[in-house]
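If you want the building blocks of each chain, they are given just below.
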Amino acid sequence: MALLEVTDLHTEFAVGKKTLHAVDGVSFTLEQGESLGLVGESGCGKTTTALSIIKLLPGNAQITSGSILYQGEEVTKKTRKGIRDMRWKEISIVFQGAMNALNPVMTIGDQIADAILLHENLSKEAVKARIAELLERVEIDRKRATNYPHEFSGGMRQRAMIAMALACNPKIIIGDEPTTALDVMVQAQIFDLLERLRRELRMAMILITHDLSAMTDTCDKAAIMYAGKIVEYVRVADLFTEAAHPYTRLLMSSYPRIGSERKMIDSIPGTVPDLTDPPKGCRFCDRCPEAMPICRETPPPEILLPGEHRVSCHLPSLIQKEGAKHV
Ligand SMILES: Nc1ncnc2c1ncn2[C@@H]1O[C@H](COP(=O)(O)OP(=O)(O)O)[C@@H](O)[C@H]1O
Ligand SMILES: [Mg+2]
């Protein structure tokens, strides 16, 4: 049994009289201790996928079908209390922009204490010891517990957020663009920290990013998301040699490697289609340099390739590839 198994998930937003199909048939699994990168441009449904898993969706959103199994239990059917018991203790999330998420008038230590006390009834002493331990895990001096958020740098605030996410020993940590708005060197440090913590604490991780290169050092598998769908699912070790979807390949060429000299980013021409009225064929066809007439008419088949590799594409070179199976 996988730790987390998401199958054919559909999450929609009501936008005026329209329905926006933000997550449209997403499936993936996460094993204990494994890390999955969820990658794609802005507006492709990554955050909505993450929020669906912990049911932190805004009021106008709804999971309309599909299944989310956490340790074999159906999350979509859990009660409010069931979800509260699961959130932070089993699965926790770190968002981008720690400045907005932290309370400016509370010390860092008190905020971490709140996170600890959400699920655990500990003595004052035990909480204090746990705060010190958590701060040191994220490489912050324990004396800084009495500081306020404005006394921390951006990178330290994000570390403090990670400490809060770890407060209840979750089995899965989700990082939603956890380094956006930080400078490049600090971004690399945060990724290193997450990777080290994942190994030490034997957590599974879902790392959400629009930057494909940033997750290659950290993740075991990559799910490339475009316009509400996972268009390719591939082991990171195979990404550079086996990436098959034209969107994945364009993403790979459009970001410089983290830590290397920052070059101008060539973004992919065009924009993500309107998800209230998505194209009937392949959603990427308007921007795809290899699009064929069939791509406009028919949704692409899902092709299973050797090595847990899945691609949704009409390209004959993929369909005819040795060992390919269709779904
Ligand atoms: N609260 C909301 N109400 C309506 N539409 C939303 C809301 N949040 C996100 N969306 C839409 O859902 C789609 C997916 O968004 P999101 O999950 O935030 O993507 P990503 O995290 O990949 O940038 C986008 O079209 C976005 O505009
Ligand atoms: Mg997002």
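Conventions used here
- Position numbers for residues count from 1 along each chain, tracking the sequence in the order it is written.
- The lettering of chains begins at A and the numbering of ligands begins at 1, in the order of writing.
- A pLDDT threshold of at least 70 governs which residues receive local features in this predicted model, and a stricter bar of 80 or more applies before side-chain atom pairs are shown or counted, although totals over entire chains, interfaces and linings include all residues.
- To obtain the side-chain values, all non-hydrogen atoms of the structure were included, while hydrogens and water were left out.
- Strands are runs of DSSP state E lasting at least two residues, helices are runs of H or I lasting at least four, and both sets are numbered from the N terminus onward.
- One requirement defines pairing of two strands: DSSP has to find at least two bridges between them.
- Contact criterion: two residues are considered in contact whenever any of their non-hydrogen atoms come within 4.5 Å of each other.
- Axis lines are fitted to C-alpha atoms, over the contacting stretch for helices. Their N-to-C directions set the angle, which ranges from 0 to 180 degrees.

Considerations on unusual backbone geometry
Residue E139 is not a glycine yet carries a positive backbone phi of 65°. Tracing the sequence through the fold places E139 in the loop between α5 (124-137) and α6 (154-166). In this structure, E308 is a non-glycine residue whose phi angle is positive, near 55°.

Let's talk about the sheet that holds strand β1 (residues 4-15)
Spatially, the 4 strands line up as an open sheet ordered β2-β1-β4-β5, and their pairing is antiparallel. The sheet is open, and its two borders are formed by β2 (18-30) and β5 (73-74), each paired with just one other strand. As judged from the 8 bridges shared by β1 and strand β4 (residues 61-70), these two strands associate in the antiparallel manner. Paired with T11 across the two strands is I63, which belongs to β4. Set on the sheet, helix α1 (residues 46-53) makes contact with β1, β2 and β4; between it and β2 the angle comes to about 70°.

Re the environment of I190
Locating I190 in the fold gives a position in helix α7 (residues 184-201). Once the C-alpha coordinates of I190 and A227 are considered, the two residues, 37 residues apart in sequence, prove to be 28 Å apart. Once residues lying within four places of it in the same chain are set aside, the contact partners of I190 are G155, Q158, R159, I162, T179 and L182.

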